[in-house]
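Structure assessment
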Amino acid sequence: ETLAALPLTEKKKELEMLHRLLRGARKSRESLVSRVSVSFRRSLSRSVTKADIAKLDHAIRIPEDPPCQTRFLDFSSLVAGLRDMFEGKDMTGPQDPETAAKVTEYLSSVRLNPKEWEQYTNFVGHRYTRTLVGFDPNFVVLLLCWERGQESPIHSHSNSSCWVKVLDGQLQESIFDFPSDPGNKPLKLTQQEIFSPNQATYIDNSYGVHQMGNPRMDIPCVSLHVYAPAYSACYIFDRITGARKLVSLATVYSNSKETPVEISEIGDVSKPTILGNVDKISLDTFVERVSSELEADSKGKDTIGELLEKLVLSPDEWERYVQFGEDHYTRSLLLVNEKFSIMLLCWGPGQTTPPHRHGDERQSWFKVLRGNLEMTHFKDCPVRRMKQCSGEEVFDVEKSYSIAAGDPAVYEAPSEMHQLGNVSTDIPAVSVHVYSPPYLELTYHCEEGEKKIPVVHYGQMFNQMETFGDKWRGCDIFSNLESFQSLLTQAFHGKDPHDPELHSRITNLMAHVQINPEEWKAQAQLQEKHFTRVLIGQTEDWMLILTCWDKDQGTPIHDHQGSYNWIKVLHGDLLEENFQLNNGLGELELERRRKLENAQGNTDLKEEVVSFSLRQNEPKMYSECYLRLLSKGLSRKFRQVGAIRAYN
């Protein structure tokens, strides 16, 4: 309190003096340093704490701010950011130079979690692939996967702006003059550049035409592409003759497996006729009514079926929401709250789901709005049989039936193993699906192990991912440190600290939150003598600490003085030992020993261990809580102490 009232220069002097005193405090040194570091963190200016708190050995350190140009985002936040940048802009043609440069800088600064974007990757041997990951009326975001040596044709960009960001590997761009007399002379190469991870570039037709490709023959490449506005056709060019051909990017409408597809090959993709019935409701109205009116009970079940019967997409909604993928059907997330999730599924010819279940307690409804879908139910057999050659799972078919546009809505009971798909060879299909409780990631098993089909992020959807993310059982929540702290604050706000439901909610959140390794590694600090702790954030209810352990480092045996604690291991393994105090003998007895394993995937660290620690504090214990090491689970009602050390 005294230091808080002092001028900045006096604070520095007091800090230096206290540091000299602490060097003489031997027995209580660790306790004093840790106490002082937290109180100083609250009283000193940020510039002083960065420079001087680091001198205090074994303190809970204040993390360094990442470079101002770095943004750790998930796909939902990325799409929302692009939506804001394009809001109010003229989308009838390429963007002005200022906007183009602003978006390029934004994409260069974005860091996406590899664990998130890897869910969308799809490599094939004979061509590069394009997967839809986000969209908005003003733009689309695609993830492109390039095997070794694969490249695109030389192509234009219609009347659109194009941004490219490399996520992994290297991507080469070759720019040619836009041919003034197509077909009569070779294209002139004007620029060639190779881009590495996190670099971004921009092009539109005023720069010329270009060709993108993976120049490496030893590693694949993954890149992110933003097109504003989206376009469905462009010209491709022959480099030698300069001849051009109009092609479509909507390969889902063709049987061809090559890309791109000649525009003359596209089948009938006309929009469905809108019925003039006053009882019909739009998709926006449907989403709004499900969000605000319905409960996840039997009455809500009947109401959802009735609303689906009235649902018809308006012409504007058809333009905004219907987005197809080249190799897989798309799952566009339109709503998620505590009770429901709503998705629009777009199916190209021949695209189907894998056999899957929605869970033991999850109900679902769907209605076909365009085309035909075939539903197949499988017998519930405990043993899955595998084909000897392909390793593919085989299920016994129980029943199969077709659902066409205009047919009644379908209700799916929980736990049924089923498969849904578009069996047509030339006609796309569109359907709306409602799930309760919410359902996002479709998880299934294949020869390569467990796989997920993630959602496509819609730019104008209210971002409820953060608000309700901690309640989604079994679903990864891709976040950054700032958003994670917001989730914690929301979860703890106004709750009884002893409520088992709160404990379960926090445990679920800690288990499924995924932080970009590049972000937490920038804050991690290792020392040879002892483990280190970095204070990520704190409120009156909780404290979040990033702890870094070198090999063979550990804590003394200690208790938690009534606080509840959680640990999430980000890298390596921790060994936790719990002891029971034998009051009769006054001795500690080892009660349990367990290894806490890394659940987030390996990094390039070697023998170190990094973990998040979360502490829930009672207000009266606040001043004593910051020294406690944090352990996973809840402290016992009887007196219990524990020790954690790096497991090597």
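Use the structure listed above.
To keep things clear, this report deals only with the structure shown in the data block. (Residues numbered from 1 in each chain as written. Predicted model: local features only at pLDDT ≥ 70, side-chain atom pairs only at ≥ 80, totals over all residues. Heavy atoms only, no water.)

When helix α7 (residues 283–293) is considered as a whole, its buried residues turn out to be Leu283, Phe286, Val287 and Val290. All buried residues of α7 fall inside an arc of 95° around its axis, so they share one side. In this structure, α7 carries Glu288 and Ser292 as exposed residues pointing more than 90 degrees from its buried face. (Buried < 20%, exposed > 50% of the residue type's maximum accessible area, 1.4 Å probe, protein only. Helix = DSSP H or I, 4+ residues; strand = E, 2+ residues; numbered from the N terminus. Arc of directions from axis to C-beta.)

Of all the 8 residues making up strand β25 (residues 429–436), 8 are buried; the element is thus mostly covered by neighbouring parts of the structure. Judged by which residues are buried, β25 turns out to be covered on both faces: Ala429, Ser431, His433 and Tyr435 on one side and Val430, Val432, Val434 and Ser436 on the other are all buried. Pairing geometry for strand β17 (residues 341–347) and β25, over 7 bridges, is antiparallel. Note on β25: the bridge partner recorded for Met343 is His433. (Pairing = 2+ DSSP bridges.)

Its location among the elements puts Asp177 in the loop between β8 (171–176) and β9 (189–195). For Asp177, a relative accessible area of 35% corresponds to the partly exposed category. In this structure the C-alpha to C-alpha distance between Asp177 and Leu187, which are 10 residues apart in sequence, comes to 6.7 Å. Not counting residues within four places of it along the chain, the set of residues in contact with Asp177 comprises Leu187, Lys188, Thr190 and Val209. (Contact = heavy atoms within 4.5 Å.)

Another aspect to go through is helix α5 (residues 97–109). For α5, with 13 residues, the first-to-last C-alpha span of 18 Å sits near the 18 Å given by 1.5 Å per residue. For α5, the set of buried residues is Thr99, Ala100, Val103, Thr104, Tyr106, Leu107 and Ser109. Packing partners of the buried residues in α5 comprise β2 (71–73), α4 (75–86), β3 (110–112), β7 (161–168), β10 (200–203) and β12 (221–228). Capping the start of α5 is the job of one residue whose side-chain oxygen sits 3.1 Å from the backbone nitrogen of Glu98: Asp96. (Expected span 1.5 Å × (residues − 1). Polar contact = N/O pair within 3.5 Å; in protein donor to acceptor, adjacent residues only side chain to side chain.)

No statement about biological role is implied by the geometric values presented.
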